[in-house]
Amino acid sequence: MSDPIKVKLPIDGMSCASCVGRVERALAALPGVSSAQANIAAEAVSVEYSAPATAEQIIETLETTGYPARTASVTFDVANMSCASCVGRVERALAAAPGVVEARVNLASESATVTYVQGATTPQDLAAVATAAGYPGTLRDTGAPMGEAAQEAGDRKAEEMRRQGRLTLIAAILTLPVFILEMGGHLVPAFHMAVSETIGQQASWLIQFVLTTIVLAWPGQQFYTKGYPALLRGAPDMNSLVALGTSAAYGYSVVATFLPGLLPALTRAVYYEAAAVIVVLILLGRFLEARAKGQTGQAIRKLVGLRPQSATVERDGAFVEMPIDQIVTGDLLRVRPGERIAVDGEVTGGESYVDESMITGEPVPVLKATGAPVVGGTVNGTGSFTFRATKVGADTMLAQIIRMVEEAQGAKLPIQGLVDRITMWFVPAVMTLALLTVVVWFFFGPDPAVTYALVAGVAVLIIACPCAMGLATPTSIMVGTGRAAEMGVLFRRGDALQSLQDVDVVAVDKTGTLTLGRPELTDFQVAPGFERDDLLRLVAAVEQNSEHPVAQAIVRAAERRGGSLPETTEFTSITGYGVEARVGGQRVLVGADRLMAREGIDLGELLVRGQALGEAGKTPLYAAVDGRAAAVVAVSDPIKPGSRAAIDALHDLGLKVAMITGDNAGTARAIAGQLGIDHVVAEVLPEGKVEALNSLRAEGGTLAFVGDGINDAPALATADVGIAIGTGTDVAIESADVVLMSGDLRGVVNAFDISTRTMRNIRQNLFWAFGYNVALIPVAAGVLYPAFGILLSPVLAAGAMALSSVFVLSNALRLRFVSPRLAEGDEGPETDTTLHPVAAE
């Protein structure tokens with residue numbers, strides 16, 4: 001039985017003796033906890049426990065009881081990892097450290113993210129734990145500018161690629177004569193005769209010995225300096241397999257060269273070319289692997305590249321150029337034509353169109369005038385303006401996006417658990433199988449049995465490298481989430497990639513999600529004898545005196561059609577009815593049907609049209625000029641372009657769509673009918689949305705909720721997958737699992753699509769990685785030899801092993817070229833007149 005573990009956990013929420021008692025009782029009830037002593041003054045609890053209790057259980061219990069332990073996270077770079085077995089060892093070492101709640105290690109990004117209890121350990125201690133396990137850990141500089149870690153990682157990978165490229169070239173140049181001398185004689189008998197008659201077989205072997213020794217001691221040194229120490233620690237990895245395999249071939253050849261009397265005459269042969277070519281091929285695989293790894297983080301480097309290095313800032317009454325890191329909140333900045341905006345802010349003067357496609361995915365430039373928000377990283381058009389900085393450094397939207405992408409790329413999906421369980425025992429099992437292969441061939445194989453045993457054993461060691469297994473999942477996640485970010489889909493939680501695959505029902509908020517979120521004039525139908533544009537200006541002239549949202553919608557529609565509005569006099573607001581005023585000598589009334597009835601105005605056919613508009617979920621108003629009914633006006637919250645196409649696409653994916661809104665049932669049903677929504681829940685408060693979600697989940701299974709991320713925070717947190725839809729700085733990042741920057745429901749379809757493609761890519765990679773080993777390890781061991789006389793060469797095994805990793809990486813990189821399932825302009829069929837600012841008959 002292991003010794004009890006003692007840990008002191010800082011916790012929040014204790015305020016009295018009752019709190020102390022509750023904490024102690026909750027922890028003491030856990031199996032394995034021998035003592036728990038809470039201290040209100042120190043705001044901590046000391047726990048002594050042993051199996052089956054774990055640190056994770058203790059922390060979960062504290063969270064459930066209402067006294068959460070204070071935790072922190074740290075990320076550091078981890079060197080020397082080469083396969084899935086390495087990942088497992090680093091994770092197990094970190095997870096076993098005192099106070100560690102969770103440890104996630106990523107082979108593709110060569111990093112580890114550890115969540116730990118504050119006070120129980122330190123980041124330096126955790127890095128030391130990884131180093132002690134044989135994988136040096138280096139803490140990242142948390143004070144560095146945003147994205148600098150990604151840039152440094154990219155630089156490291158670029159340098160690793162160059163280094164492996166140099167070593168591969170050197171090894172190939174040295175190996176070529178070895179390969180020609182040995183294999184040339186096997187392939188061309190005349191060449192073998194020429195070598196024997198000129199320099200002789202022994203001299204040929206000596207030349208091969210010298211060149212192979214240089215290959216193994218110089219370019220191939222990394223396999224031995226890492227592989228054998230790992231083997232001695234009882235934690236063999238890929239390097240151990242390569243080191244053992246090549247050492248066996250090399251050692252056998254050395255004996256045959258210098259001590260031939262120790263071997264039977266029939267078995268005196270050398271395998272220098274096998275050892276040397278194996279090193280060349282694996283180095284080539286690592287070169288291609290390093291090159292592909294460098295491409296997996298391209299999305300983050302693109303995002304970091306959006307951040308300008310300097311900006312024009314006001315200092316002492318003058319605008320001067322200065323580094324972006326010196327900008328502080330409240331600074332006034334000037335943006336010239338074509339410049340990239342430095343930080344988030346609000347326009348204070350001037351106007352220009354700004355290309356925000358890099359952030360939101362929307363290709364159309366947005367007009368920015370006084371009071372408009374601007375986002376750092378976006379590109380100014382041909383105008384010029386000044387703005388005041390509201391968010392700088394790590395608080396900017398671009399920094400938040402980069403942080404979310406980095407976190408998503410470092411996530412570990414549930415599917416990775418299968419890989420972890422297998423790779424934990426994979427390398428030791430392979431070494432055991434290789435030993436068994438040698439024994440079987442030695443005692444039961446044909447003559448020369450020693451040669452066959454050597455070839456088969458080395459082939460098993462070389463071909464079974466678990467590199468592809470370790471790379472299968474993280475590379476797809478890195479590339480998939482990176483491409484999603486470029487499309488405006490941000491996975492705040494990486495495991496949402498997999499969770500989206502289980503969704504059965506997509507529940508959607510109406511206002512701001514399906515619709516634009518503000519009223520617009522959708523219909524303006526005039527009576528005979530009136531000219532539409534002139535009448536619209538008259539009505540807007542009256543309404544411009546009102547602050548009501550409906551009035552402002554009519555004014556905006558008139559302004560979009562051009563021309564100035566005429567002056568009004570004698571404006572009167574009639575509470576509960578409408579407004580009236582004189583415009584150019586004409587008496588104009590605008591209001592509900594009851595206003596017209598009060599004034600004795602016969603609406604005639606316009607009343608029928610107005611009632612139809614009301615049934616369609618719109619708000620009908622009427623206009624009269626000099627006592628004569630002139631027009632029926634309809635205002636509503638227009639459906640966003642693309643909403644219908646998005647709903648249709650979600651149906652094509654086999655999903656049901658529900659709408660949950662606080663709006664009245666008539667309007668909700670009208671919009672649902674236009675969009676083809678399956679289920680409607682209307683007239684609910686924000687807390688009622690949570691109840692509606694729970695009801696839908698009970699009926700339909702796994703649920704995703706799509707909201708504007710502001711008023712929908714409870715629903716976003718309650719859903720199995722919360723998707724916040726919005727634009728720029730309005731996105732409520734903290735409530736959602738997925739954040740869409742486009743402010744468009746089409747982004748939801750793209751989120752499901754990139755999730756499907758990424759998970760399919762992961763399954764393809766895992767199938768290849770596992771299938772490759774399942775199929776070829778028995779072939780390498782020689783199962784085909786009795787029936788077909790086929791025995792896999794160690795050289796071919798090395799080539800196949802290298803290709804497996806390259807295949808997995810190349811397959812993951814295909815995700816870089818995924819196109820949006822629904823792009824800007826894919827609007828689907830028109831949804832009545834709500835897609836048109838002004839409609840008329």
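Residues numbered from 1 in each chain as written. Predicted model: local features only at pLDDT ≥ 70, side-chain atom pairs only at ≥ 80, totals over all residues. Heavy atoms only, no water.

Here we come to the overall build of the protein. Tallying secondary structure elements over the protein gives 29 helices and 28 strands in all. Counting over 841 residues, the protein shows a buried share of 52%. Taking contacts inside the protein between residues at least 6 apart in sequence as the whole, the part at least 24 apart equals 69%. Counting every atom, the protein has about 35,300 Å² of accessible surface; 57% of that belongs to carbon and sulfur. (Helix = DSSP H or I, 4+ residues; strand = E, 2+ residues; numbered from the N terminus. Buried < 20%, exposed > 50% of the residue type's maximum accessible area, 1.4 Å probe, protein only. Contact = heavy atoms within 4.5 Å. Areas by Shrake-Rupley, 256 points an atom, 1.4 Å probe, with all protein chains shown as cover.)

A surface patch of nonpolar side chains, about 820 Å² in accessible area, is lined by Leu-433, Leu-435, Leu-436, Val-439, Val-440, Phe-442, Phe-443 and Phe-444. On the basis of relative accessible area, Val-440 is assigned to the partly exposed category, the value being 40%. (Patch = residues over 30% accessible without salt bridge, like charges linked within 9 Å, V, L, I, M, F, W, Y side chains within 5 Å. Salt bridge = Lys/Arg side-chain N within 4 Å of Asp/Glu carboxyl O.)

Bringing the packing of aromatic side chains into the picture now. This model, assessed by the stated rule, comprises twelve aromatic pairs. Between Trp-441 and Tyr-452, the aromatic rings sit 5.5 Å apart at their centres with planes inclined by 25°, giving stacked as the arrangement. Of this pair, Trp-441 sits in helix H14 (residues 416-444) while Tyr-452 sits in helix H15 (residues 449-463), and the two are eleven residues apart along the sequence. Here Phe-442 and Phe-443 contribute two aromatic rings whose centre-to-centre distance is 5.2 Å and whose plane-to-plane angle is 90°, an arrangement assigned as edge-to-face. An aromatic cluster is built from Phe-209, Tyr-250, Phe-258 and Tyr-272, whose rings are joined through pairwise contacts. The residue whose ring lies beneath Arg-334 is Phe-319, and the NZ or CZ to ring-centre distance is 4.1 Å. Stacked on the ring of Tyr-577, the Lys or Arg Arg-598 has its end atom at 5.1 Å from the ring centre. (Phe/Tyr/Trp six-rings, centres within 6.5 Å; stacked < 30°, edge-to-face > 60°. Lys NZ or Arg CZ within 6 Å of the ring centre and 35° of its normal.)

As a further point, take the sheet that holds strand S3 (residues 44-49). With respect to topology, three strands assemble into an open sheet ordered S1-S3-S2, the strand pairing being antiparallel. Edge positions in the open sheet fall to strand S1 (5-10) and strand S2 (33-39), since each of these has one partner strand only. Recorded for the sheet is a direction-independent mean angle of 15° between the axes of neighbouring strands. Looking at chain direction, S2 and S3 are connected through six bridges and run antiparallel. The residue bridging Ala-36 from the neighbouring strand is Val-47, located in S3. Where helix H1 (residues 17-28) meets the sheet, its contacts fall on S2 and S3, and the angle it forms with S2 comes to roughly 165°. Sheet strands touched by helix H2 (residues 55-65): S1 and S3. Its angle to S3, the strand with the most contacts, is close to 140°. (Pairing = 2+ DSSP bridges. Axes fitted to C-alpha atoms, helices over the stretch in contact; angles between N-to-C directions.)

Another aspect to go through is the sheet that holds strand S19 (residues 568-574). Pairing is antiparallel in the open sheet, where six strands are placed in the order S18-S23-S22-S21-S20-S19. What marks the edges here is a single partner per strand, and that holds for strand S18 (520-526) and S19. Taken over all neighbouring pairs, the strand axes of this sheet differ in orientation by 20° on average, direction set aside. Two strands pair when backbone bridges link them, and S19 and strand S20 (residues 578-583) are joined in this way by five bridges, in the antiparallel orientation. Bridge assignment links Ser-573 to a residue of S20, and that residue is Val-579. Helix H22 (residues 605-615) contacts S18, strand S22 (619-625) and strand S23 (628-636) of the sheet and is inclined by roughly 5° relative to S23.

As a further point, take the nonpolar core. Looking at soluble globular proteins, one finds that nonpolar side chains tend to be buried together. Leu-94, Phe-491 and Ile-723 are the most contacted members of the largest nonpolar core, which has 136 residues in total. Excluding its chain neighbours within four sequence positions, the residues that come into contact with Ile-723 are Leu-500, Ala-704, Phe-705, Val-706, Gly-707, Leu-716, Ala-736, Val-738, Leu-740, Val-748 and Phe-752. Core analysis: the next-biggest nonpolar cluster, separate from the first, contains 30 residues, Ile-402, Leu-490, Leu-693 and Ala-724 among them. (Core = buried A, V, L, I, M, F, W, Y, C linked by side-chain atoms within 4.5 Å.)

Residue Ala-51 is joined to Pro-52 through a cis peptide bond whose omega torsion reads 10°. Note that Pro-52 resides in the loop between S3 and H2. Cis geometry marks the peptide bond from Asp-447 to Pro-448, where omega comes out at -5°. Tracing the sequence through the fold places Pro-448 in the loop between H14 and H15. The backbone of Asp-316 shows a phi angle near 55°, a positive value even though the residue is not glycine. Position of Asp-316 relative to the elements: it lies in the loop between strand S8 (310-315) and strand S9 (318-323).

The contact between helix H7 (residues 201-217) and helix H9 (residues 238-258) brings their axes to 10 Å, and the two run at 150°. On the basis of their axis angle, the class for H7 and H9 is roughly antiparallel. The element H7 and its partner H9 pack so that their crossing is left-handed. Residues Gln-202, Trp-205, Leu-206, Phe-209, Thr-212, Thr-213 and Leu-216 of H7 lie in contact with H9, whose contacting residues are Tyr-250, Val-254, Ala-256, Thr-257 and Phe-258. When the residues that make up the contact of H7 with H9 are grouped by side-chain class, the tally is eight nonpolar, four polar and no charged. (Parallel < 35°, antiparallel > 145°, perpendicular 65-115°, else oblique. Left-handed = near helix turned anticlockwise from the far one by under 90°. Nonpolar A, V, L, I, M, F, W, Y, C, P; charged D, E, K, R; others polar.)

Turning our attention to the side chain of Thr-121. With respect to the secondary-structure elements, Thr-121 resides in the loop between strand S6 (111-117) and helix H4 (123-132). The buried category is assigned to Thr-121, whose relative accessible area is 11%. Among all residues touching Thr-121, those that are not within four sequence positions of it are Pro-98, Tyr-116 and Leu-126.

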